[in-house]
Structures are given as C-alpha cells and as structure tokens.
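Structural features, examined
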Amino acid sequence: QVMLVESGGGLVQAGGSLRLSCVASGSIFRINAMGWYRQAPGRQREAVAQIPADSDTNYADSVKGRFTISRDNAKNTVYLQMDSLKPEDTAIYYCNAKAIVRGGPQYDYWGQGTQVTVSS
C-alpha cells in the first residue's frame, strides 16, 4: 500500500501564498504521476495540477500562472506553490499518486486532504 500525507494548508489573505507538500510512503515500486486536486463545498473534486514522471506539467486554466507544481523523486514528494491566491481557491486540497506497489498494478492513491482558506 501507499500512504500520502499532505501538509501546508491554512488560512491566508487574498493575494498571499501557501506551499503544499505531500509525501508518499509504503511499498512503492514506482510513482508514475503525482498531482493535486481540490474540492470546494457543494462542488465536485477538480484537478488542479499534475506532474507525470517524464513529461510536462498540466494545470487547470483557473490556476495557470499562479500555481506551480514540482516533485522530488528521491523523496517521493510533490509540492504545490500557490501564489496570488483568490477566495475562489478556497477548498480542501488532495494529493494524488498513480503508483505501482511491488508486484502489483498501478493504482490511484489519495491523501486525507488539507484545508486551504483564502479570505477576501
């Protein structure tokens, strides 16, 4: 199994910044892609940013130019630098990893979520 633990959420004023981190642990053979999703109250979970193992990053149009995703493969960690935050960025942010455990197929794994609140 793979465990994902997020950190770095909190309360920030509009225009401010936050940096989310997510560490993956467990019987990991390989992590192919990692990413961040978010879910605001009353809305469906949406993709925010993804970083595959060997290709370009992808961002939701709503965060392009403001958020930056990066990963440290040696530490099985993915980061989300969020700048110029807006109240509409308020949501629970979830880390996702498409990982292969030893001897098994690829599965989607999720963290428990971290709350990001942006005040106006």
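This text goes with the structure placed above it.
In what follows, the accompanying structure is described. Keep in mind it's a predicted model, so treat the numbers as computed, not measured.

Side note on the nonpolar core
Ranked by internal contacts, the top residues of the largest apolar core, which has 32 residues, are Trp36, Leu80, Met82 and Tyr93. Sort the elements by how many residues they give to this core and strand β9 (residues 91–101) lands first, with 6 residues. Ignoring any residue separated from it by four or fewer positions in sequence, one finds Tyr93 in contact with Glu6, Leu20, Trp36, Tyr37, Arg38, Val48, Phe67, Leu80, Met82, Gly113, Thr114 and Val116.

What to know about the pairing of strand β3 (residues 18–26)
Pairing between strand β1 (residues 2–7) and β3: 6 bridges, direction antiparallel. The partner of Ser7 across the bridge, within β3, is Ser21. Relative to strand β8 (residues 77–82), β3 runs antiparallel, the two sharing 6 bridges. When the bridges of β8 are listed, Arg19 appears paired with Gln81.

So, how was this worked out
Numbering of residues starts from 1 in each chain and follows the order in which that chain's sequence is written. Per-residue local features of the predicted model are confined to residues with pLDDT of at least 70, and side-chain atom pairs are confined, for both listing and counting, to 80 or more; whole-chain, interface and lining totals are unaffected and use all residues. For the side-chain quantities, the full set of heavy atoms in the structure was used; hydrogens and water were omitted. The set of buried Ala, Val, Leu, Ile, Met, Phe, Trp, Tyr and Cys residues whose side-chain atoms join them within 4.5 Å is what this entry labels a nonpolar core. A 1.4 Å probe rolled over the protein chains alone gives each residue an accessible area, and that area as a share of the maximum for its type sets the label: buried under 20%, exposed over 50%, partly exposed in between. In this description a helix means any DSSP run of H or I spanning at least four residues, a strand means any run of E spanning at least two, and both kinds are numbered starting from the N terminus. We call two residues in contact when some of their heavy atoms are within 4.5 Å. What makes two strands pair is DSSP finding at least two bridges between them.

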